[in-house]
Amino acid sequence: MMYRRAIEQGGLAVVTGAASGVGKAAAQKFMEDGLGVVLVDLPGEALETAAADLNAISRASVSVTAIPIDVGDATAVRDLADQVFALGEVAVLMNNAGIAIPTGSWENSENWRKLLEVNLFGVMNGTHAFLPRMIAANHPAVVINTGSKQGITTPPGNPAYNVSKAAVKVMTEMLTHDLREADASISAHLFVPGFTYTGMIQRFMPEKPDSAWTSEQAVEYLVQRMSAGDFYILCPDNDVSAERDIKRIEWALGDITNNRPALSRWHPEFSDAFAQHEASG
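The structure displayed is predicted, hence computed values, not measured ones. Along each chain, residues carry numbers from 1 onward, in the same order as the chain's sequence is written. Owing to the predicted nature of the model, reporting of local features is limited to residues with pLDDT of at least 70; listing and counting of side-chain atom pairs is limited to 80 or more, with chain, interface and lining totals taken over all residues. Computation of side-chain values: all heavy atoms of the structure, hydrogens and water removed.

Asks: Hey, could you run me through the overall build of the protein chain in this one?
Replies: Within the protein chain, the regular secondary structure consists of eleven helices and nine strands. In terms of C-alpha radius of gyration, the protein chain reaches 19 Å, essentially the compact-globule figure of 19 Å for 281 residues. Along the first, second and third principal axes, the C-alpha atoms of the protein chain reach 60 × 40 × 35 Å. Here, residues are in contact when the closest pair of their heavy atoms is within 4.5 Å. Sequence-distant contacts, at least 24 apart, represent 69% of the contacts inside the protein chain between residues at least 6 apart. The Shrake-Rupley method, run with a 1.4 Å probe, gives the accessible areas here. Residue values count only the displayed protein chains as cover. Accessible surface for the protein chain amounts to roughly 13,500 Å². Of this, 53% is attributable to carbon and sulfur atoms. Taken as two groups, the 21 positive and 33 negative side-chain charges of the protein chain have centres that lie 3 Å from each other. Secondary structure elements are defined from DSSP: runs of H or I of at least 4 residues count as helices, runs of E of at least 2 residues count as strands, and each element is numbered from the N terminus. Restricting the calculation to C-alpha atoms gives the radius of gyration, and the globule rule supplies 2.2 Å times the number of residues raised to the power 0.38. None of His or the chain ends enter the tally, which takes Lys and Arg as positive and Asp and Glu as negative. Lys charges are placed at NZ, Arg charges at CZ, Asp charges at CG and Glu charges at CD.

Below is the structure:
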């Protein structure tokens, strides 16, 4: 599939949110597959450390470059693209940067804006800055946008985060259609990690829970399913199987088709029905 073609042709993998967690693990995997890597994250020690770690294990022929920017700044992302294309062709664009800060349905307006600037507009900025030149280059490539199951089943708790990831899902669906219509040698993929022990989680849980996957496990699953040509790449974890994910998604869609209350999975009148659905074969 397209990822394997991109690897064979070589080039660069650009990964945002690459200073830690899934982004760093993905950059390392792409590097191990023979691509030069461009690590993109906010300036600071974490990005510098990630670049040093990858440089320490990289082959002499594989470049590791760190470029500090805020992906919510469209001008900075356009400048990033200029710097990257001066280095070579892009084989992988992974729009992965994301934040999670508290929001409420009628509270935390400033946090809504901050979160959407990174989680939604950061993906849009990366896509708009890189895709025209990637399409023109006609170089086999993949675009990976990191979504979330919270953008599919939208659980209560952080509405702005759910909105941002639901928008990334739709944006990536539109992107894969438009790339197909343009006959571009680029495939797009929606990467949806399960419960993964990242730096974001580590702030609240100093030790990895047994139910969580490591970032490396999630990235291995991403590459496996992307190599098979999957668009929707929903990672299981040590607690939630792929079958359980499907049951939860079916129920969420059923709120529309069965005219149930919104988010009925968390509605007291439907808790027993949901439990029976999730347990059914």
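Here the narrative resumes, following the displayed structure.
Asks: Where do I start with the nonpolar core in this structure?
Replies: Residues Phe-30, Leu-39, Met-94, Ile-144 and Phe-191 are the most contacted members of the largest nonpolar core, which totals 37 residues. Elements represented by at least two residues in this core include exactly α1 (2-9), β1 (12-16), α2 (21-32), β2 (36-41), α3 (45-57), β4 (90-95), β5 (141-146) and α9 (215-227). Element by element, the count of residues in this core is highest for α2, at six residues. Non-local contacts of Phe-30, meaning those with residues more than four positions away in its chain, are made with Tyr-3, Ala-13, Val-15, Leu-35, Val-37, Val-92, Met-94, Ile-144 and Val-223. Here, nonpolar core refers to any group of buried Ala, Val, Leu, Ile, Met, Phe, Trp, Tyr and Cys residues whose side-chain atoms link them within 4.5 Å. Throughout this description, buried means an accessible area under 20% of the type-specific maximum (1.4 Å probe, protein chains only), exposed means over 50%, and partly exposed covers the range between. Ranked by size, the runner-up nonpolar core spans 28 residues in total, among them Ala-97, Ala-129, Leu-131 and Ala-184.

Asks: Which parts of the structure should I look at to understand the pattern of salt bridges?
Replies: Side-chain pairs of opposite charge can arise whenever the charged atoms involved come near each other. Salt bridges, as used here, are contacts in which a Lys or Arg side-chain nitrogen is within 4 Å of a carboxyl oxygen on Asp or Glu. This structure, assessed with the given rule, holds eleven salt bridges. Taking the shortest distance from any N to any O, the salt bridge between Lys-149 and Asp-245 comes out at 2.7 Å. Of the two residues, Lys-149 is situated in the loop between β5 and α7 (159-181) and Asp-245 in helix α10 (residues 242-257); the sequence distance between them amounts to 96 residues. Of the charged contacts, one joins Arg-260 and Asp-255 as a salt bridge, the two residues approaching to 2.9 Å between their closest N and O atoms. Arg-260 gets classed as buried once you look at its relative accessible area, which sits at 16%. Within the structure, one salt-bridge network assembled from shared partners comprises Asp-239, Arg-244, Arg-248 and Glu-278.

Fair warning: the whole summary comes from geometry, so function is off the table for now.
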